[in-house]
Amino acid sequence: PDCERLASDSLAAGEDLALSYSGFQPFEQVTLVMRSTPVTLGTFTADAAGVVTATVTLPATSEAGPHTLTLSGPLTGERVVDF
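What counts as what
- Residues numbered from 1 in each chain as written.
- Predicted model: local features only at pLDDT ≥ 70, side-chain atom pairs only at ≥ 80, totals over all residues.
- Heavy atoms only, no water.
- Buried < 20%, exposed > 50% of the residue type's maximum accessible area, 1.4 Å probe, protein only.
- Helix = DSSP H or I, 4+ residues; strand = E, 2+ residues; numbered from the N terminus.
- Pairing = 2+ DSSP bridges.
- Axes fitted to C-alpha atoms, helices over the stretch in contact; angles between N-to-C directions.
- Contact = heavy atoms within 4.5 Å.
- Polar contact = N/O pair within 3.5 Å; in protein donor to acceptor, adjacent residues only side chain to side chain.

A.B. asks: Break down the pairing of strand β4 (residues 52-57) for me, citing the residues and quoting the values.
C.D. replies: Only one face of β4 is covered, namely the face carrying Val52, Ala54 and Val56; the face carrying Thr53, Thr55 and Thr57 is uncovered. Across six bridges, strand β1 (residues 16-21) lies against β4 in antiparallel orientation. Bridge assignment links Leu19 to a residue of β4, and that residue is Ala54.

Rendered as structure tokens:
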């Protein structure tokens with residue numbers, strides 16, 4: 001799995017986040033939710049290799065501090081990424 005910029009850089013409210021995450025079933029519909037206060041950032045379709053690629057904008061109202069992204073697919077289940 002690879003979520004660009006999550007491991008090393010700080011992100012700010014209102015900023016775009018590009019991510020690519022593998023491990024889902026081909027063409028599975030995957031919902032992306034930012035937490036701590038749950039905010040759905042969108043639903044994306046995995047490609048033929050099971051990779052979800054998306055660019056989302058972090059909500060302008062996001063508070064500073066640690067958060068998680070939860071990627072949920074009906075076949076694969078949840079994957080959680082800290083940022």
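A.B. asks: I'd like a rundown of the sheet that holds strand β6 (residues 77-82), residues and numbers included.
C.D. replies: On the basis of which strands lie adjacent, the open sheet formed by four strands has the order β3-β2-β5-β6 and antiparallel pairing. Looking along the sheet, the strands with just one partner apiece sit at the ends: β3 (39-45) and β6. Direction aside, neighbouring strands of the sheet carry axes that sit 20° apart on average. Here strand β2 (residues 29-35) runs beside strand β5 (residues 68-73); their pairing, made up of five bridges, is antiparallel. Looking across to β5, one finds that Val33 is bridged to Thr70.

A.B. asks: Explain the environment of Leu41 to me, and be specific about the residues and the numbers.
C.D. replies: When you line up the elements, Leu41 lands in strand β3. Sequence separation of Leu41 and Thr55 is 14 residues, and the distance between their C-alpha atoms is 9.6 Å. Filtering out sequence-adjacent residues up to four positions away, Leu41 remains in contact with Leu32, Val33, Met34, Val56, Thr57, Pro59 and Leu69.

A.B. asks: Got a sec to walk through the side chain of Thr76? Specific residues and values, please.
C.D. replies: Along the chain, Thr76 turns up in the loop between β5 and β6. At 2.6 Å, the side chain of Thr76 forms a polar contact with the side chain of Glu28.

A.B. asks: I'd like a rundown of the environment of His67, residues and numbers included.
C.D. replies: Its location among the elements puts His67 in the loop between β4 and β5. For the pair formed by His67 and Val81, sequence separation is 14 residues and the distance between their alpha carbons is 8.6 Å. In contact with His67, not counting residues within four places along its chain, are Met34, Arg35, Ser36, Val81, Asp82 and Phe83. A polar contact is formed between the side chain of His67 and the backbone oxygen of Arg35, at a distance of 3.3 Å.

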